[in-house]
Amino acid sequence: MSVYTKSDILEKAKKENVKFIRLQFTDIFGSLKNVTITVRQLEKALDDKFMFDGSSIDGFVRIEESDMRLYPDYDTFAVFPWETANGRVARLICDVYCADGTPFEGDPRNVLRRAIKKAADMGYTCKVGPECEFFLFRIGEDGKPTLNANDNAGYFDMGPVDKGEECREEICHSLEDMGFEIEASHHENAQGQHEIDFKYDEILKTADNVMTFRYCVKYIALKRGLHATFMPKPVYGVCGSGMHTNMSLDKDGKNAFCDPEDEYGLSGTAYSFIAGVMAHIKEMTLVTNPLVNSYKRLVPGYEAPIYIAWSAQNRSPLIRIPAARGEGTRVEIRNPDPSANPYLEMAACLMAGLDGIEKGMTPPPPTDSNIYKLSKDEKKEAGIESLPASLEEACREFKKSEFMKQALGEHVFKKYLSAKKAEWEDYRKRVTQWELENYLGKY
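Here's what I pulled together on the structure shown here. Once a new chain begins, its residue numbering starts again from 1 and follows that chain's sequence as written. Since the coordinates come from a predicted model, pLDDT governs what is reported: local features require at least 70, and pairs of side-chain atoms require 80 or more to be given and counted, while whole-chain, interface and lining totals use all residues. Hydrogens are left out, water is left out, and the side-chain values use all remaining heavy atoms of the structure.

Using a 1 Å grid laid over the protein atoms alone, points where a 1.4 Å probe fits but cannot get out form a cavity; open sets with protein on both sides within 12 Å along at least 5 of 7 lines form a pocket; any residue with an atom within 4 Å of a point counts as lining. Grid points are joined across faces, edges and corners, and a volume is the space filled by probe spheres set on the points. What the largest pocket holds in volume is close to 800 Å³. Along the walls of the largest pocket sit 37 residues, with Glu131, Glu195, His244, Arg315 and Glu332 positioned nearest its centre. Secondary structure elements are defined from DSSP: runs of H or I of at least 4 residues count as helices, runs of E of at least 2 residues count as strands, and each element is numbered from the N terminus. For the lining of the largest pocket, the element with the highest residue contribution is strand 7 (residues 125-139), accounting for six residues. By the convention adopted, Pro, Cys, Tyr, Trp, Phe, Met, Ile, Leu, Val and Ala count as nonpolar, Lys, Arg, Asp and Glu as charged, and the other residues, Gly among them, as polar. Classifying every residue of the lining of the largest pocket gives 11 nonpolar, 11 polar and 15 charged.

Structure below.
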């Protein structure tokens, strides 16, 4: 049941003196798009009468199929807490439909909705809590971002060493004004690196929140003369940014992952969910870690999980079970990074876990020692495999995956793979600064 009605939104827009509304949607690569309308067109948009040209959006449709409709989700109506030179601005997150009124198969939100229905058909609802990390860098005199952090702080440091503290606090206040429940914020390991954690929620709302979060972080940072980036590994030699994804399933109003009688406090459902994610993670990695740069983060020595294992004790494996039990029991998937499209990433993780439950999969024993300290032979003996080491390898795993084709739908699967293969080919042909520094003077 919707929180807002059409009349609620029209009244709120009038009361808040809203002048413009952004009808937002997301392309398959996780870029936020919008069509801006004046408040006079709001009622038309709320009646699902607003059309746009989808042929110009990456991964959408061909020009001969370009007419598309935006169906606003009433519950996503929010007024941005800042005022522009032209007045207050609100937003509505939209589902994308075809001209004939059918859901568009290439809409990432629709992909996640299909995964939610799959869970519902099995009797489950899914809740997700992401941990989004990002960097704040100074902007150069030419207006372009630099790699110069605006602080010299480290993990959990505070001002005045953490010069990004005030920016982070303003982000938190703005997000709370938009309905977020901020649980914590702090400086991360690397200079200029930050994390803001918001409360877990139903999976679709959480994916929407990730998109809103990224937009607000970038907007407020820019307002303060800084550039915020969710690039996974912008700086060599320091930790990259992750988006650890905490997931749980509820059934009949109770956490389906909890079993107080089990050694680890986990139910059979939780074990099968873990096994499903582990079974499909290689073919999912193109979605959870979608950039060439993502694989510069997934290397040993910087706390990023590259080994396919699980543990209830340490943070080196792919999957960790945080200490909370009872209703707080959850599975933390640690390899995703914040450049991922949250709708596709969460849909893939949920579908993998559900597949494990459906098939009654059983995970291997937990790996409670530090995997980074295990020798190659020890990892082989324990059956511990690694994630893809490059975008090229991830493309190969993705291409042969019937599971991912079903999870994403054929349209998104083909468009996504084609774009990522082209991205790798473009990167492969480029001459990097490292090559110039190491070879130009030597040969």
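Next comes the rest of the description.
Turning to the pairing of strand 10 (residues 193-198), a few remarks are in order. Burial classes follow relative accessibility: with a 1.4 Å probe on protein chains only, a residue under 20% of its type's maximum area counts as buried, one over 50% as exposed, and anything between as partly exposed. The buried fraction of strand 10 is high, at six of six residues. Along strand 10, one buried face is formed by Gln193, Glu195 and Asp197 and the opposite face, lined by His194, Ile196 and Phe198, is buried too. In terms of strand pairing, strand 7 meets strand 10 through five bridges, oriented antiparallel. Opposite Glu131, over in strand 10, you have Asp197 as the bridge partner. Of the strand pairs in this sheet, strand 9 (residues 182-187) and strand 10 are connected by five bridges, and their pairing is antiparallel. Counterpart to His186 in the pairing with strand 10 is Glu195. A loop of five residues connects strand 9 with strand 10, the two strands running antiparallel in sequence, and Gly192 in this loop sits at a positive phi of about 80°. Strands pair, by our definition, only if DSSP identifies at least two bridges between them.

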